[in-house]
Every structure is written in structure tokens, then in C-alpha cells.
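Structural overview for review
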Amino acid sequence: MPRKHRVLTGIALLGGLVLTAPAAQAQVEGGGWTSRSPGFNVQQRGCGQVNNLTFTLTCSTASGDQRAERRYDTYGGGTYQFEGSFRIQSMGGTRISLKQTFQDGPSAGPFFMLAVERGGRLYAVHGGATIATGATVGATVRVNTVHQVGSQHRTYINGSQKHSYSSPSGSFYDKFGAYRTSSGQGPATVVWSGIRFWRK
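Summary of the structure given here. (Residues numbered from 1 in each chain as written. Predicted model: local features only at pLDDT ≥ 70, side-chain atom pairs only at ≥ 80, totals over all residues. Heavy atoms only, no water.)

1. Notes on the state of the cysteines
- Here the structure, examined in full by the defined rule, presents one disulfide.
- At a sulfur-sulfur separation of 2.1 Å, the disulfide partner of cysteine 47 is cysteine 59. Looking along the S-S bond of the cysteine 47-cysteine 59 disulfide, the torsion reads about -65°, which is the left-handed sense. With cysteine 47 in the loop between strand S2 (40-45) and strand S3 (48-51) and cysteine 59 in the loop between strand S4 (54-57) and strand S5 (67-72), this residue pair connects regions lying 12 residues apart in the sequence. (Disulfide = S-S within 2.5 Å. Helix = DSSP H or I, 4+ residues; strand = E, 2+ residues; numbered from the N terminus.)

2. What to know about the pairing of strand S8 (residues 109-116)
- The element S8 is largely enclosed, with a buried count of seven among its eight residues.
- Linkage of strand S7 (residues 94-103) to S8, two consecutive antiparallel strands, is achieved through a turn of five residues, within which glycine 105 is found at a positive phi near 80°.
- The sheet contact formed by S8 and strand S9 (residues 122-124) spans three bridges and is antiparallel. Residue pairing in the sheet places valine 116 in a bridge with leucine 122 of S9.
- In textbook terms, the turn of a hairpin is the stretch between consecutive antiparallel strands, and for S8 and S9 this stretch comprises five residues, one of which, glycine 119, has a positive phi near 110°. (Buried < 20%, exposed > 50% of the residue type's maximum accessible area, 1.4 Å probe, protein only. Pairing = 2+ DSSP bridges.)

3. What about the pattern of salt bridges?
- All told, the structure shown has 11 salt bridges when counted by the stated rule.
- Note that arginine 154 and glutamate 29 form a salt bridge whose closest N and O atoms lie 2.7 Å from each other. With arginine 154 in strand S12 (residues 152-157) and glutamate 29 in the loop between helix H1 (3-20) and strand S1 (34-36), this pair connects stretches of sequence that are 125 residues apart.
- Across the salt bridge formed by glutamate 69 and arginine 67, the nearest N and O atoms sit 2.8 Å from each other.
- Residue class for glutamate 69 comes out buried when judged on its relative accessible area of 1%.
- Arginine 67 sits in the buried class, given a relative accessible area of 9%.
- Several salt bridges converge on common partners, so that one network encompasses Arg45, Asp65, Arg67, Glu69 and Lys175. (Salt bridge = Lys/Arg side-chain N within 4 Å of Asp/Glu carboxyl O.)

4. Some remarks on empty space enclosed by the protein
- If you walk through the whole model with that rule in mind, you get one cavity of 30 Å³ or more.
- Breaking the lining of the largest cavity down by element, the ones donating at least two residues are strand S6 (79-91) and strand S11 (140-148).
- For the lining of the largest cavity, the class distribution of residues is four nonpolar, five polar and one charged. (1 Å grid on protein atoms, 1.4 Å probe; cavity = no way out; pocket = protein on both sides within 12 Å on 5 of 7 lines; lining within 4 Å. Points joined across faces, edges and corners; volume = space filled by probe spheres on them. Nonpolar A, V, L, I, M, F, W, Y, C, P; charged D, E, K, R; others polar.)

Here you go:
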């Protein structure tokens, strides 16, 4: 084989190796994490539609339960991490919840809700604090939540910590997708990817 041909073949093989290498672990807050694979169920209510990891609110209704989400299994004591990336495909409405940490059991209710306004502001629904900006249509944003049950819940955007809450003890679960907040409305389409879970 001519030398030029050998070099080009080597480059092509190297390129193939790069493309097929496993994705690096992107979890935040150092090592010691153990991967986990909780089960989930799909929630579609009102005009909510779920197609694998695409979550759509098809209507502009500003009342009622408009929901397209995955609800994962409940967890208890310990430290848990969620990771996922979202891309807003379209946003005709505003104030759509993207990721929730929900308390289960006797005190059931949303503990933390990350929502987005049209224009790209990410905010905490409870308290209204701005968490980040730039979550505009077409942009991919990585979200990590680290939950030390009974201590603290921390939110990272693209690898940087942006928010924290004190956490009670109890049971919780993760949800993500597209959900109309009490002051929001669709339509909206959100595509999630790279979903991972860990604990330590």
C-alpha cells in the first residue's frame, strides 16, 4: 500500500476511534458516585404529549393540568444526582417547568421546580430566583441536581452551581419534561437527552 494511502487509512481509523469512544462521565461534585437506573412512568395530561424524550404541550390553555413528563422512582436517605440536557425546540408560551424534585409521602408536593420563561430565563418556581439565562430556542442546556436528603438540594447549569435549597428528610423523586406552571401556558416542545442518575 502506498505511504500516502497508509497515512489516510490511519487517520480514518483514528477518527473512528474518537467517534466511538464512550462519553466521559459528566457528573458534578467529584467522584464516589455509583450509577443507578431508576424506573419511570410517563405522565400525559391535558394537552401534554410524550414521544420518547420529546415533551410537548400543544395548547395555549392557561388553566388546568397541562403536563408531559417522566416521573422516576422514589428515593430515600442518601445523596442522589440527576443529569440531563434539554433543548427547547419551540416556545409559543412561557413559564414552563422543565425539571422537578418532588417530595413523596405525607408531605407530598413539588420541592424544587426549574422553569423557563419565553426569552430564556431559568428560574426557581418557589421564590422566583433567577437561576440562569440563555435557555433560548435551539440552545442545549445541561442540568444537574444534587440532593443530600435531609441537608441540601443544589442545582448546576452547564456544570456551574447556580442554586441551593435546604432539604428536609423524607422521600423524593425526579421528574422532567414540560409542565405548565400555575402562571404559565403553552405551547412548547422540549427535547431531553443524556439522562443519567447516580447516588453515593
